[in-house]
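Read off the chains here:
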Amino acid sequence: MEIFKYMETYDYEQLVFCQDKTSGLKAIIAIHDTTLGPALGGTRMWNYATEEEAIEDALRLAKGMTYKNAAAGLNLGGGKTVIIGDPLKDKNEEMFRAFGRFIQGLNGRYITAEDVGTTVADMDLIHEETNYVTGISEAFGSSGNPSPVTAYGVYVGMKAAAKEAFGSDSLEGKTVAVQGVGNVAYTLCEYLHKEGANLIVADINQASVDRAVNAFGAVQVDVNDIYSVDADIFAPCALGAIINDNTIPQLKAKVIAGSANNQLRDTTHGDIIHEMGIVYAPDYVINSGGVINVADELYGYNAERAMKRVATIYDKIERIFEISKRDGVPSYVAADRLAEERIARVSKSRGQFLQNGKHILNGR
């Protein structure tokens, strides 16, 4: 992998390699874009097969956070960290404290958070060395469990998608097929049930299914049948890459709106469902409630303020559909354009400010 060529091609700003021999820390911090503000993105710990694989993952994830944060309306750029190691075997206090010192050394250019393979306890250890971390324990001013807030964002985003598909954002009487009934999806089901939606659920964990059936009168189906049920809305809330060649022909829903990451196996599948007339709420926008919530910690967490910002996901989804129709592109492309246009506006404004400042100095 030609790292500088890759960074130049996709306009990355910085790649930081961090090692601490005593603790065994091997970490890579990727900062993609800080036009909107310091880069915010979680720390992932994974037992990568090769160092190149770890670098590629850090770069890919950092760019994704640029788009997620921009589309969410946050004044934050995109970054990500990967720590090479087995999260079940290789963690120790010294590792995360050493990593915290590396973050502190970036002087606010990068702010981290919990991600795959890391926990709130790990974030607390990082917090011992730096304030540039979110998702810490509530005792330190954290926003707590992000699942309910993420679920609320998916709920309001689903309403916006329903309005686009059916002419009304009411979900009363609509049938929603929910794939996966984990923490986020369970709370989503609660919102849907209260509005009078009918629920069909599937999950590999029977206990999760039973909880939804008992609480909301949901109908259980096999995990392989959730795609083909008669439903108005399909809500993927588990695995990624589930919109693919095998599942698309089975879909009867007119709307796809759920919390799962990377729902499209490939961009071509986004093109296909667009051509079919299925309304798709892009995943990284509709599930951005969690990052909006933790970002509020940077201002001194206020739950009411955070929830008001999460509610604007409705407006973001509506704007994506407007761009989709304006440019004649699928909604997944429109979501990228929403983010890119915001970054471009801020970049232009900043450039004009600097240019005007230069003119003033020259006029002295």
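This is a predicted model, so every value here is computed, not measured. (Residues numbered from 1 in each chain as written. Predicted model: local features only at pLDDT ≥ 70, side-chain atom pairs only at ≥ 80, totals over all residues. Heavy atoms only, no water.)

Enquirer: Is there a simple way to explain the nonpolar core in this structure?
Expert: Note that soluble globular proteins tend to have their nonpolar side chains buried in a common cluster. One finds Met 158, Val 176, Val 178, Leu 192, Phe 234, Ile 243 and Ile 317 to be the most contacted residues of the largest nonpolar core, which totals 84 residues. Among the elements that take part in this core, helix H5 (residues 147-166) stands out by supplying nine residues, more than any other. Setting aside chain neighbours within four positions, we find Ile 317 in contact with Gly 157, Ala 160, Ala 161, Ala 281, Val 285 and Ile 286. Ile 29, Phe 99, Met 123 and Ile 136 belong to the second-largest nonpolar core, a separate cluster that totals 20 residues. (Core = buried A, V, L, I, M, F, W, Y, C linked by side-chain atoms within 4.5 Å. Buried < 20%, exposed > 50% of the residue type's maximum accessible area, 1.4 Å probe, protein only. Helix = DSSP H or I, 4+ residues; strand = E, 2+ residues; numbered from the N terminus. Contact = heavy atoms within 4.5 Å.)

Enquirer: Even after reading the chapter, I still don't get the pattern of salt bridges, so can you show me in this structure?
Expert: Oppositely charged side chains may form a pair once their charged atoms are brought near each other. Across all of its chains, the model carries 19 salt bridges by this definition. Glu 164 serves as the salt-bridge partner of Lys 325, at 3.3 Å between the closest nitrogen and oxygen. Within this pair, whereas Lys 325 is found in helix H12 (residues 313-327), its partner Glu 164 is found in helix H5, the two being separated by 161 residues in sequence. The exposure class assigned to Lys 325 is exposed, which follows from its relative accessible area of 58%. (Salt bridge = Lys/Arg side-chain N within 4 Å of Asp/Glu carboxyl O.)

Enquirer: What exactly am I supposed to notice about the layout of surface pockets here?
Expert: Unfilled space is identified by rolling a water-sized probe across the atoms. Space inside the second largest pocket adds up to approximately 220 Å³. For the lining of the second largest pocket, a count of residues per class yields six nonpolar, three polar and one charged. (1 Å grid on protein atoms, 1.4 Å probe; cavity = no way out; pocket = protein on both sides within 12 Å on 5 of 7 lines; lining within 4 Å. Points joined across faces, edges and corners; volume = space filled by probe spheres on them. Nonpolar A, V, L, I, M, F, W, Y, C, P; charged D, E, K, R; others polar.)

Enquirer: For this particular structure, what's the right way to read the confidence of the model for the protein chain?
Expert: In this model, the protein chain carries an average pLDDT of 94, and 96% of its residues clear a pLDDT of 70 or more. Every residue in residues 357-364 scores below 50 in pLDDT, and together they form zero contacts with partners more than four places removed in sequence or on other chains. (pLDDT = per-residue confidence, 0-100.)

Enquirer: Please explain helix H4 (residues 120-127) as it appears in this structure.
Expert: The α-helix winds at 3.6 residues per turn, so residues separated by three or four positions along the chain end up facing the same way. Asp 122, Met 123, Asp 124 and Ile 126 are the residues of H4 that are buried. Elements that come into contact with the buried residues of H4 comprise helix H3 (93-105). One side-chain oxygen at the N-terminal end of H4 lies 3.3 Å from the backbone nitrogen of Ala 121; it belongs to Thr 119. (Polar contact = N/O pair within 3.5 Å; in protein donor to acceptor, adjacent residues only side chain to side chain.)

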